[in-house]
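Residue-level listing of the chains:
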Amino acid sequence: FQMLEELVLISCMSSRKMISKEEIINKIREYQGQVLGLEDKIQEVKIISKCSGESNLIFFVDINSLPYLVKINGVMGKEVSFFRAEYKKLRVLEKYNIAPRAFVYNEDSFDFPFMILERYEGRILKLNESETKANELTSILNKLTEIPASEIMHDEGFKRNIKNCRDYIEIF
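The structure contained in this document is the topic of the report that follows. Source: prediction; values computed, not measured.

**Quick look at the overall build of the protein chain**
No. 1: When helices and strands are tallied, the protein chain shows 7 helices and 7 strands.
No. 2: In sequence order, the protein chain lays out its α and β elements as α-β-β-α-β-β-β-α-β-β-α-α-α-α.
No. 3: Here the contacts in the protein chain between residues at least 6 apart in sequence split such that 45% fall between residues at least 24 apart.
No. 4: In the structure as shown, the protein chain presents an accessible area of about 11200 Å², 53% of it carried by carbon and sulfur atoms.

Okay, structure coming up:
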């Protein structure tokens, strides 16, 4: 955790920039609480930890004691268009309640794009696990679509245990 107190080096394409923990916190504080889904203004920001994603630097952040992720593009020089597309896809999926909500996207911060997302509890899949888990989930979903809705609609077990798609996916 001491690494968070120091400067963080971010590389994007051919440029490099150092940012501090305080710069990240100050950037978050620039936003109105409502933009981040909060009822009130931002009162407290804590960086809990950080990790490196495939192409992003990811900060686990608590804002007013609620869990968020701050993703900064640039670890492997991923094209900005891919990062922007990720944000747009998350915004489209928001109404289905199956992916984290994406609250903020900003291409001008820190000279690198960043976004603030809702954070789900759980663990991050390792690259070698992703395909296996995706195949397992696809197989299960395909089997579920074969069950006639009339058989499920009146079954108390389904009503009680699977309230929405997010609850079902969190089982896995």
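Still to come is the rest of the account.
**Comments concerning helix α2 (residues 21-29)**
No. 1: Every buried residue of α2 is accounted for by K21, I24, I25, K27 and I28. One face of α2 carries all of its buried residues, which in axial projection span an arc of 160°.

**Re the packing of aromatic side chains**
No. 1: Applying the stated criterion to the full structure yields 4 aromatic pairs.
No. 2: Judged by centre distance (6.0 Å) and plane angle (45°), the ring pair of F83 and Y105 falls under tilted. In this pair, F83 sits in helix α3 (residues 80-93) while Y105 sits in strand β6 (residues 102-106), placing the two residues 22 residues apart along the sequence.

**A short note on the nonpolar core**
No. 1: I28, L36, I63, I72 and I116 are the most contacted members of the largest nonpolar core, which totals 23 residues.
No. 2: Those elements giving two or more residues to this core turn out to be α2, β3 (45-52), β4 (56-63), β5 (66-73), β6 and β7 (114-118).
No. 3: Per-element accounting of this core gives the leading share, 4 residues, to β4.
No. 4: Counting 10 residues, the second largest nonpolar core, distinct from the first, contains F83, A99, A102 and L117.

So, how was this worked out
Residues numbered from 1 in each chain as written. Predicted model: local features only at pLDDT ≥ 70, side-chain atom pairs only at ≥ 80, totals over all residues. Heavy atoms only, no water. Helix = DSSP H or I, 4+ residues; strand = E, 2+ residues; numbered from the N terminus. Contact = heavy atoms within 4.5 Å. Areas by Shrake-Rupley, 256 points an atom, 1.4 Å probe, with all protein chains shown as cover. Buried < 20%, exposed > 50% of the residue type's maximum accessible area, 1.4 Å probe, protein only. Arc of directions from axis to C-beta. Phe/Tyr/Trp six-rings, centres within 6.5 Å; stacked < 30°, edge-to-face > 60°. Core = buried A, V, L, I, M, F, W, Y, C linked by side-chain atoms within 4.5 Å.

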